[in-house]
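Descriptive analysis of the structure
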Amino acid sequence: MNSSSHSLKLLLTEDKEEALKLAEGLDKSNRERQKMEEAILKEAVSKVEREVNFKEHRVIVLYGDKWHPGVVGIVASRIAEKYYRPTILIAFGEDGLGRGKGSGRSIKKFHLFDALSKCSEHLIEFGGHEHAAGITISKDSVGSFRDSINAVAHEVLQPLDLVPTLSIDAWISLKDITPELMKELAMLEPYGTGNRKPVFAVKGLALKSPPKVLGSNTLKIWVTDGEMTYEAVGFRKALDYKLDSASLSFDLAFTPSVNVWQGQEMIQLQLKDLRTKP
């Protein structure tokens, strides 16, 4: 939302007072960004529910007159994850020329840059790659662009391509999650494109205690197999599952991580998905 030079200055400065001032400024900006992100996300979700016909729209294209162009990419990623559709969000109102800055995020089997190339007559500028892209567009072209990119999507995507999948690297048990395993996983770092974090799954778990919601949408649960218990945290997952029974049985997909709190290290499960059983 602000110039990246502030972050660079923080990394380069050797003055403690300047570093503290810069860090406080960045922390304030980050908190403002989080509030703005949540507000835009709420508005975007409302627009999806009102304006998107999922039978016709395989690509979600939305715009807002008061959205911040520096935040729409993050929100587009969350919308794409929530509905498993390629998503492009456009922010208008900044330049006074009727042009909007948009940011898109895609899903598997839909090359976003290639799709934009086939719709270029509706765009002022565009760029990006397979999974993410940016566009500049006039407001009176949004409707024709939405129709055009959805026509491309109907040629490329089949209905099953719009069903999200999660690849499990291995089914394990809770007793397999040990400090030794964490050391071995650390040897696979750094993670990124082409080397994603491993995802494991455990069958037949139960809640050790009632679930908790942290902040606005973070789910925290304690899971057990009857012998071992681990903390599992699902960021932006609190609204995705209904866990109201201590006797509920479920399968859990997760990535193990080491959480450091007040100098203490604890293995924590980063929740990826949860499948309940009758």
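Residues numbered from 1 in each chain as written. Predicted model: local features only at pLDDT ≥ 70, side-chain atom pairs only at ≥ 80, totals over all residues. Heavy atoms only, no water.

**A few points about the pattern of salt bridges**
Inspection of every chain in the model, using the stated rule, returns eleven salt bridges. Across the pair Asp27 and Arg31 runs a salt bridge whose closest N-O atoms are separated by 3.0 Å. Of this pair, Asp27 and Arg31 both sit in helix α2 (residues 16-51), four residues apart, roughly one helical turn. Put simply, Arg196 and Asp169 hold a salt bridge, and the shortest N to O gap is 3.2 Å. Of this pair, Arg196 sits in the loop between α6 (179-186) and β7 (200-207) while Asp169 sits in the loop between α5 (142-156) and β6 (170-171), and the two are 27 residues apart along the sequence. Each member of the salt-bridge network shares a partner with another, and the members are Arg33, Glu37, Glu38 and Arg78. (Salt bridge = Lys/Arg side-chain N within 4 Å of Asp/Glu carboxyl O. Helix = DSSP H or I, 4+ residues; strand = E, 2+ residues; numbered from the N terminus.)

**A closer look at the side chain of Ser141**
The residue Ser141 is located in the loop between β5 (132-138) and α5 in this model. Taking the relative accessible area as the measure of exposure, Ser141 reaches 16% and is therefore buried. A polar contact of 3.0 Å, which involves the side chain of Ser141, links it to the side chain of Ser138. (Buried < 20%, exposed > 50% of the residue type's maximum accessible area, 1.4 Å probe, protein only. Polar contact = N/O pair within 3.5 Å; in protein donor to acceptor, adjacent residues only side chain to side chain.)

**Describing a nonpolar patch on the surface**
Residues Leu8, Leu11 and Leu12 make up a contiguous nonpolar surface patch of about 370 Å² in total accessible area. When you line up the elements, Leu12 lands in helix α1 (residues 5-12). (Patch = residues over 30% accessible without salt bridge, like charges linked within 9 Å, V, L, I, M, F, W, Y side chains within 5 Å. Areas by Shrake-Rupley, 256 points an atom, 1.4 Å probe, with all protein chains shown as cover.)

**Observations concerning the nonpolar core**
Membership of the largest hydrophobic core comes to 25 residues, with the highest contact counts inside it found for Ile221, Val223 and Leu252. Within the residue set of this core, elements represented by two or more residues are α6, β7, β9 (218-224), β10 (229-235), β11 (249-261) and β12 (264-276). Of all hydrophobic cores here, the second largest spans 23 residues; its members include Ala133, Ile149, Val152 and Leu157. (Core = buried A, V, L, I, M, F, W, Y, C linked by side-chain atoms within 4.5 Å.)

**Here we look at the pairing of strand β4 (residues 125-128)**
Judged from the four bridges that link them, β4 and β5 form a sheet pairing that is antiparallel. What sits directly across from Gly127, in β5, is Gly134. Linking β4 to β5, which pair antiparallel, is a turn of three residues. (Pairing = 2+ DSSP bridges.)

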